[in-house]
Amino acid sequence: MSAPDFPWQKPLRERMRRALLQQRMPHALLLEGPEGLGKRPFAGWVSLLVLCEAPAAETETRPCGKCRSCRWIAAGTHPDAFDLQPEEDKKWIAIEQVRELVEKLSLKSFARKGKVAVIWPASSLTSNAANSLLKTLEEPTSGTLLMLITSRPARLPATIRSRCQRLRFTVPPPAEASAWLTAQNEGTDWPRLLELGGGAPLAALALHEAGFAELDGSFRADLEALILRRQDPLSVAGRWSHCTPETCLGWLENCTRRLIIGRFSAVGEPAGAGLQKAAKSLKLQRLFLYLDQVNAARAALDSPLNWQLALESLLIPWSDELRPLEENPIFG
Ligand SMILES: [Zn+2]
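Quick caveat, the model's predicted, so the values are computed rather than measured.

Comments concerning the sheet that holds strand β4 (residues 144-150)
1) Next: The strand order across the open sheet formed by five strands is β2-β3-β4-β1-β5, and the pairing between neighbours is parallel. Both edges of this open sheet fall to β2 (81-84) and β5 (165-168), since each of them pairs with a single strand only. Geometrically, the sheet is characterised by an average inter-axis angle of 20 degrees between neighbouring strands, direction not taken into account.
2) Next: One ladder, built from four bridges, connects β2 with strand β3 (residues 115-119); its direction is parallel. In the sheet register, Phe82 faces β3, and the bridge partner there is Ala117.

So, the packing of helix α1 (residues 10-21) against helix α2 (residues 39-51)
1) Next: Following both chains from N to C, one finds α1 and α2 inclined at 25 degrees, their axes separated by 11 Å at the closest point. Taken as axis vectors, α1 and α2 run roughly parallel relative to one another. Once α1 is placed against α2, the crossing between them reads as right-handed. Along the contact surface, α1 presents Leu12, Arg13, Met16, Arg17 and Leu20, while α2 presents Phe42, Trp45, Val46 and Leu49.
2) Next: Counted by class, the contact of α1 with α2 contains seven nonpolar, no polar and two charged residues.

Let's talk about the pattern of salt bridges
1) Next: By the definition in use, this model includes 16 salt bridges.
2) Next: Look at the salt bridges and you will find they share partners, linking Glu32, Arg166 and Arg168 into a network.

Re the packing of helix α12 (residues 245-264) against helix α14 (residues 284-299)
1) Next: In the contact formed by α12 and α14, the axes pass within 10 Å of each other and the chain directions differ by 160 degrees. By the criterion of interaxial angle, the relationship of α12 to α14 is roughly antiparallel. In this structure, the crossing between α12 and α14 has a hand that is left-handed. Each of Leu249, Gly250, Leu252, Glu253, Thr256, Arg257, Leu259, Ile260, Arg263 and Phe264 in α12 lies in contact with α14, whose residues at this interface are Leu284, Leu287, Phe288, Tyr290, Leu291, Val294, Asn295, Ala297 and Arg298.
2) Next: Along the lines of polarity and charge, the residues of the contact of α12 with α14 split into 12 nonpolar, three polar and four charged.

Some remarks on helix α9 (residues 201-209)
1) Next: Those residues of α9 not exposed but buried are Pro201, Ala204, Leu205 and Leu207. Buried residues in α9, looked at end-on, bunch into an arc of 160 degrees, giving them a common side.
2) Next: Gly211 sits one or two residues past α9 and shows a positive phi near 70 degrees.

Quick notes on the layout of surface pockets
1) Next: There is about 1500 Å³ of room inside the largest pocket.
2) Next: Every residue lining the largest pocket is counted, 48 residues in all, and those nearest its centre are Glu35, Ser151, Arg152, Glu246 and Leu301.
3) Next: Elements represented by at least two residues in the lining of the largest pocket include exactly α2, β4, α8 (190-196), α9, α10 (212-227), α12 and α14.
4) Next: Looking at the lining of the largest pocket element by element, the count peaks at eight residues for α12.
5) Next: Its boundaries defined by the atoms lining it, the second largest pocket holds a volume of some 360 Å³.
6) Next: Around the second largest pocket, the lining is made up of 16 residues, and of these Leu20, Gln23, Met25, Val50 and Lys113 lie nearest the centre.
7) Next: Taken together, the residues of the lining of the second largest pocket sort by class into eight nonpolar, five polar and three charged.

Focus: the domain arrangement of the protein chain
Where interface size is given, it is often the accessible area lost as the parts come together that is meant.
1) Next: Each domain of the protein chain was delimited in the assignment, giving domain 1 (7-168) and domain 2 (210-327).
2) Next: Distance between the C-alpha centres of domain 1 and domain 2: 38 Å.

Some details on the coordination of the zinc ion
1) Next: For the zinc ion, the protein coordination sphere consists of Cys52 (SG), Cys64 (SG), Cys67 (SG) and Cys70 (SG), at 2.3 to 2.4 Å.
2) Next: All donors to the zinc ion come from one chain, and their sequence spacing reads C-x11-C-x2-C-x2-C. Residue Cys67 shares its accessibility class with Cys70, and that shared class is buried.

A short note on the pairing of β4
1) Next: In terms of burial, β4 is a largely internal element, seven of the seven residues being buried.
2) Next: What you see with β4 is no split at all: Thr144, Leu146, Leu148 and Thr150 on one side and Leu145, Met147 and Ile149 on the other are buried throughout.
3) Next: One ladder, built from five bridges, connects strand β1 (residues 28-32) with β4; its direction is parallel. Residue pairing across strands places Leu31 opposite Ile149, the latter belonging to β4.
4) Next: The β-α-β motif built from β3, the intervening helix α5 (residues 127-138) and the parallel element β4 has right-handed crossover chirality.

Examining the packing of aromatic side chains
1) Next: Counted under the stated rule, the structure contains 11 aromatic pairs.
2) Next: Here Phe42 and Phe169 contribute two aromatic rings whose centre-to-centre distance is 5.2 Å and whose plane-to-plane angle is 85 degrees, an arrangement assigned as edge-to-face. Of this pair, Phe42 sits in helix α2 while Phe169 sits in the loop between β5 and α7 (174-184), placing them 127 residues apart in sequence.
3) Next: The buried category is assigned to Phe169, whose relative accessible area is 4%.
4) Next: Here the aromatic rings of Phe212 and Phe219 are separated by 6.1 Å at their centres, their planes lie at 85 degrees, and the arrangement is edge-to-face.
5) Next: The buried category is assigned to Phe212, whose relative accessible area is 1%.
6) Next: One aromatic cluster is present, built from ring pairs that chain together Phe212, Phe219, Trp240 and Trp251.

Conventions and cut-offs
For every chain, the first residue of its written sequence is number 1, and the numbers climb from 1 along that sequence. Where local features are concerned, this predicted model is filtered to residues with pLDDT of at least 70; where side-chain atom pairs are given and counted, the filter is 80 or more; whole-chain, interface and lining totals use all residues. Each side-chain value is derived from all of the structure's non-hydrogen atoms; neither hydrogens nor water enter the calculation. For two strands to be treated as a pair, DSSP must find at least two bridges joining them. In DSSP terms, a helix is any run of H or I states spanning at least four residues, a strand is any run of E spanning at least two, and both are numbered starting from the N terminus. Axis definition: a line fit to C-alpha positions, over the contact stretch in the case of helices; interaxial angles, taken between N-to-C directions, run 0 to 180 degrees. Roughly parallel here means an angle under 35 degrees, roughly antiparallel means over 145, roughly perpendicular means 65 to 115, and every remaining angle is called oblique. Should the near helix be turned anticlockwise from the far one by less than a right angle, the crossing is termed left-handed; should it be turned clockwise, right-handed. Contacts are assigned to residue pairs with any non-hydrogen atoms lying within 4.5 Å of each other. Charged residues are taken to be Asp, Glu, Lys and Arg, nonpolar residues to be Ala, Val, Leu, Ile, Met, Phe, Trp, Tyr, Cys and Pro, and polar residues to be all remaining types, Gly included. Definition used for salt bridges: Asp or Glu carboxyl oxygen within 4 Å of a side-chain nitrogen of Lys or Arg. A simple rule labels every residue: compare its accessible area, found with a 1.4 Å probe on the protein chains alone, to the largest value its type can have, and call it buried under 20%, exposed over 50%, or partly exposed in between. The directions from the helix axis to the C-beta atoms are what the arc is built from. Method remark: on a 1 Å grid restricted to protein atoms, a set of points is classed as a cavity if a 1.4 Å probe fits but cannot get out and as a pocket if it is open with protein on both sides within 12 Å along at least five of seven lines; lining residues have an atom within 4 Å of a point. Grid points are joined across faces, edges and corners, and a volume is the space filled by probe spheres set on the points. Source of the domain bounds: an automatic or database domain assignment. Water is absent from the atoms considered, so a metal site may look incomplete; donors are defined as N, O and S atoms within 2.8 Å of the metal, or 3.2 Å for Na, K and Ca. Crossover handedness is defined by viewing with both strands directed away from the observer: a clockwise path from the first strand over the helix to the second marks the crossover as right-handed. Planes of paired rings set the category: under 30 degrees apart is stacked, over 60 is edge-to-face and the rest tilted, where pairs are Phe, Tyr or Trp rings (Trp by its six-membered ring) whose centres lie within 6.5 Å.

Written out as structure tokens, the structure is:
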């Protein structure tokens, strides 16, 4: 398996290689940082690095991609590599799943190179499941590496966080991200997609692959029509609900910010001419309050939430001069 060569991960890859060479590989890693930076592929690469059967001294050429372990991992059949995530159609990792993993980790390593488990997203561990993981984090079987992945480390119990070595993934400088994206695909407005993706290159790439260039235009037209009361918020919500919550919330936040900036800046049309004009009637204070509402919706994403309903409550205010927060039935 060829390891993903994301340039922004290079320092972290070097850190892992050094740890392995100096035999200081921790028992537990917490991979934290925004979505869209490739934390899961990185964990896959660390699994390869640790379990690769090439001589340990050859850190530079590990993972070799050719040995038995490397081939097993590529095929997803390595008997010492485990992957723990919520079962299909579930939001949470259950305690039974953790118990099963803990039991497997306590057995002898099949290839005698240790065992690796990736838990993602770690914030989907129920508190019972997290508790049952604690003992393994405290007294791991020798040669065991647990990798927990999360974009919301604050949601993990402090007892878990404190037992992991933290690997922080940060957004690369825009020029570096744009250069990498342009190498993947020329002729796309990457700076705009990066802005919408919070600066994360893989988030920008996902937006591009989802045809977001056109979506951007139709979202703007919808919002303009809502302000001018030419469209019904419920039918707009019906259309938008086919996009991921992250996409819609990211777009709404970005657009609201642009509308606010547009009030202070005479240069350009930051949110699109038609929309900026239509939004002139909206009170600035309400635009700021609306940003809070978008953030509250984002914080609620982890809890069971009817997305269509949440979207309606985010779109209705636009056709009602951004109804104040306290009147909002869901996020108020
Ligand atoms: Zn190998």
